[in-house]
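# Structural characterization, general
Residue-level listing of the chains:
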Amino acid sequence: VQLQASGGGLVQAGGSLRLSCAASGSTFSINAIGWYRQAPGKQRELVAAISSGGMTRYADSVKGRFTISRDNAKSTVYLRMNSLTPEDTAVYYCNADVDGLSEGYWGQGTLVTVSS
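Because the structure is predicted, anything quoted here is derived from the model rather than measured.

Taken as a whole, the largest pocket spans an internal volume of roughly 220 Å³. Thr27, Ile30, Ile33, Arg70 and Asn72 are the residues nearest the centre of the largest pocket, which is lined by 15 residues in total. Only β4 (30-38), β5 (45-51), β7 (66-71) and β8 (76-81) provide two or more residues apiece to the lining of the largest pocket. If you tally residues by element for the lining of the largest pocket, the top one is β4, at four residues. For the lining of the largest pocket, a count of residues per class yields six nonpolar, seven polar and two charged.

Shown next as structure tokens:
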């Protein structure tokens with residue numbers, strides 16, 4: 001499985017961005033795709049995830065502001081981020097959960113910078 005993350009950039013506080021995670025390869029083996037983020041000096045954290053069955057979950061810090069969705073035809077998962085704050089500044093990574101691989105597959109990361 002290969003993951004290509006894109007859509008990051010610089011945005012002002014209160015603005016919006018949409019991240020994309022395009023999967024290729026053995027996508028049939030993917031149980032779920034999650035978006036994680038890592039801010040400078042902080043641990044990587046789960047932001048949102050969507051299962052192959054369509055179930056979603058969110059970190060408390062982004063509930064009501066972020067929406068994860070997917071387009072099966074394009075093998076792409078999106079993360080719509082609204083009402084961004086400087087605290088959302090981080091490198092965002094997508095991860096594919098598959099059986100037999102504890103760490104899953106990681107995309108390369110895309111930087112989101114929110115200015116105040």
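Moving on: unusual backbone geometry. One non-glycine residue, Ser75, lies in the positive phi region at around 50 degrees. Inspection of the secondary structure puts Ser75 in the loop between β7 and β8. Of note, Ser83 is a non-glycine position whose phi angle comes to about 50 degrees, a positive value. By the element assignment, Ser83 lies in the loop between β8 and β9 (90-98). According to the relative accessible area criterion, Ser83 is partly exposed, its value standing at 41%.

Basis of the calculations
- Residues numbered from 1 in each chain as written.
- Predicted model: local features only at pLDDT ≥ 70, side-chain atom pairs only at ≥ 80, totals over all residues.
- Heavy atoms only, no water.
- 1 Å grid on protein atoms, 1.4 Å probe; cavity = no way out; pocket = protein on both sides within 12 Å on 5 of 7 lines; lining within 4 Å.
- Points joined across faces, edges and corners; volume = space filled by probe spheres on them.
- Helix = DSSP H or I, 4+ residues; strand = E, 2+ residues; numbered from the N terminus.
- Nonpolar A, V, L, I, M, F, W, Y, C, P; charged D, E, K, R; others polar.
- Buried < 20%, exposed > 50% of the residue type's maximum accessible area, 1.4 Å probe, protein only.

By themselves, these are just geometric observations and shouldn't be taken as functional.
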